[in-house]
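Okay, here's what each chain looks like letter by letter:
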Amino acid sequence: MAAPARAPHVRLVADRVSVRLGAREVVRDVDLDFGGGEIVAVIGANGAGKSTLLKALAGLKVAAAGSVRIDGADVATLDRRTLARLVAY
């Protein structure tokens, strides 16, 4: 039996990403640059914005400021089918 195909490695870049929940800014000015195949952990206290940041990186929550790009494409401009092929949450 052949080994399963491996997903291509993609690059994820966040540039000055901020996210608001209502009037409250819960994520402020986050810069990240992940290469393919990296394992990254997000740690912090309850309510620190970890899940909100991950949702913004996955394109599930709209950033109030900044941009998130996957292989150079802004997640805000990708259709859901394309985004689903690139991101697992």
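Here goes a summary of the coordinates provided. These figures come from a predicted structure and were not determined experimentally.

Scanning the chain from N- to C-terminus turns up 2 helices and 4 strands. For the chain, the succession of helices and strands along the chain, N to C, is β-β-α-β-β-α. Each principal axis of the C-alpha distribution contributes one length, and for the chain these read about 55 × 30 × 20 Å. For the chain, buried positions account for 26% of its 89 residues. Intrachain contacts of the chain at a sequence separation of at least 6 include 52% that bridge at least 24 residues. For the chain, the exposed area adds up to about 6,400 Å²; of that, 54% sits on carbon and sulfur atoms.

Turning our attention to a nonpolar patch on the surface. A surface patch of nonpolar side chains, amounting to about 470 Å² of accessible area, comprises V40, V42, L54, L60 and Y89. Tracing the sequence through the fold places L54 in helix α1 (residues 50-57). Using a relative accessible area of 34% as the deciding quantity, one classes L54 as partly exposed.

If you look at the biggest cluster of nonpolar residues, it comprises 16 residues, and the most contacted ones within it are L12, V17, V27, L57 and V68. Those elements that place two or more of their residues in this core are β1 (12-21), β2 (24-34), α1 and β3 (65-70). Aside from chain neighbours lying at most four places away, what touches V68 is L12, V13, A14, V17, A56, L57, A73, D74 and V75.

What follows covers the sheet that holds β2. An order of β2-β1-β3-β4 is seen for the 4 strands of this open sheet, with the pairing classed as antiparallel. With partners counted over all chains shown, the strands left at the sheet margins are β2 and β4 (73-74), one partner each. Of the strand pairs in this sheet, β1 and β3 are connected by 5 bridges, and their pairing is antiparallel. The partner of L12 across the bridge, within β3, is I70. Its contacts with the sheet place α1 against β1, β2 and β3, and it is angled at close to 125° to β1.

Turning our attention to α1. Taken together, the buried positions of α1 are occupied by T52, L53, A56 and L57. In an axial view of α1, the angular spread of the buried residues amounts to 140°, which keeps them on one side of the axis. Packed against the buried residues of α1 are β1, β2 and β3.

Our focus in this paragraph is the pairing of β3. For a regular strand, the rule is simple: side chains alternate between the two faces of the sheet. Here 2 bridges tie β3 to β4, and the two strands are oriented antiparallel to one another. Counterpart to I70 in the pairing with β4 is A73.

Reading guide: rules and limits
Residues numbered from 1 in each chain as written. Predicted model: local features only at pLDDT ≥ 70, side-chain atom pairs only at ≥ 80, totals over all residues. Heavy atoms only, no water. Helix = DSSP H or I, 4+ residues; strand = E, 2+ residues; numbered from the N terminus. Buried < 20%, exposed > 50% of the residue type's maximum accessible area, 1.4 Å probe, protein only. Contact = heavy atoms within 4.5 Å. Areas by Shrake-Rupley, 256 points an atom, 1.4 Å probe, with all protein chains shown as cover. Patch = residues over 30% accessible without salt bridge, like charges linked within 9 Å, V, L, I, M, F, W, Y side chains within 5 Å. Salt bridge = Lys/Arg side-chain N within 4 Å of Asp/Glu carboxyl O. Core = buried A, V, L, I, M, F, W, Y, C linked by side-chain atoms within 4.5 Å. Pairing = 2+ DSSP bridges. Axes fitted to C-alpha atoms, helices over the stretch in contact; angles between N-to-C directions. Arc of directions from axis to C-beta.

In short, the description is geometric, and any link to function would need to be established separately.
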